[in-house]
Structure formats: structure tokens, C-alpha cells
Amino acid sequence: MKRKVMRSLMISCLKATELIEKKSLMPLSWIEKIKLKVHLSLCDLCVHYEHQSKVIDDWMKTEKTDINIPVSDTNALQQRILKSLPSQE
């Protein structure tokens, strides 16, 4: 039983980074909060990612820069980032 519960709470680094970014935009559901907390308790790399993401978000808020990146560039960048992530299965 414990194994099933733990397995259902475990998420990949890809999902954790998704939740970290989502958390900066809107509140997470209670289950998302738990899953992210469990993952961050086990993964130092995602803890560092969360910290870096917060630093960048804070900087962008204080700088109030108006950066216009074409959609085609953001799609290409997103694909490059996804390809560089390790496979999470």
C-alpha cells in the first residue's frame, strides 16, 4: 500500500519544472503541491531550478522590460529545451 501511494506521488523532473513554472503564474492544486514537495525533497537539481526560476522572475518584475520575442522563436527554444532534458519515464 505504501509503495502505491509513493509511486502515485512521484513525478519526473520534467513535470516538476512544469509545476515550478505553473506555481509562479497561478496557485497549484493541493495534490500538485504535495507531488512537487515530495520531488523537491529528493531532487537537488530541481531545487536549484526553482531558485533560479524565482531569481529570473523577480528580476523580470523589477526591470519591467518589454521583451517581444516572436512566437516562432519561443517555439524553437521550447523544443530545444525539451530535447536537452533527460528522458523521464
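The structure displayed is predicted, hence computed values, not measured ones. (Residues numbered from 1 in each chain as written. Predicted model: local features only at pLDDT ≥ 70, side-chain atom pairs only at ≥ 80, totals over all residues. Heavy atoms only, no water.)

Novice: Would you explain a nonpolar patch on the surface in this entry?
Specialist: Together, Leu14, Leu77, Ile81, Leu82 and Leu85 line one region of the surface with nonpolar side chains, adding up to about 400 Å² of accessible area. Tallying contributions element by element places helix α5 (residues 71-84) first for the nonpolar patch, with 3 residues. Looking at the element boundaries, Leu14 is found in helix α2 (residues 13-25). (Patch = residues over 30% accessible without salt bridge, like charges linked within 9 Å, V, L, I, M, F, W, Y side chains within 5 Å. Areas by Shrake-Rupley, 256 points an atom, 1.4 Å probe, with all protein chains shown as cover. Salt bridge = Lys/Arg side-chain N within 4 Å of Asp/Glu carboxyl O. Helix = DSSP H or I, 4+ residues; strand = E, 2+ residues; numbered from the N terminus.)

Novice: I tried to follow the side chain of Thr17 on my own but got confused; where do I start?
Specialist: For Thr17, the position within the fold is in helix α2. Residue classification places Thr17 among the buried positions, given a relative accessible area of 16%. A polar contact of 2.8 Å, which involves the side chain of Thr17, links it to the backbone oxygen of Leu14. (Buried < 20%, exposed > 50% of the residue type's maximum accessible area, 1.4 Å probe, protein only. Polar contact = N/O pair within 3.5 Å; in protein donor to acceptor, adjacent residues only side chain to side chain.)

Novice: Would you explain the packing of helix α3 (residues 30-42) against helix α4 (residues 44-63) in this entry?
Specialist: A pair of packed helices can be characterised by two numbers: the angle between their axes and the separation between those axes. Two elements in contact, α3 and α4, have axes separated by 6 Å at closest approach and are oriented at 115 degrees. Here α3 lies roughly perpendicular to α4, going by the angle between them. Of the residues in α4, those in contact with His39, Leu40 and Leu42 of α3 are Asp44, Cys46, Val47 and Glu50. When grouped by side-chain class, the residues that make up the contact of α3 with α4 number 4 nonpolar, 1 polar and 2 charged. (Axes fitted to C-alpha atoms, helices over the stretch in contact; angles between N-to-C directions. Parallel < 35°, antiparallel > 145°, perpendicular 65-115°, else oblique. Contact = heavy atoms within 4.5 Å. Nonpolar A, V, L, I, M, F, W, Y, C, P; charged D, E, K, R; others polar.)

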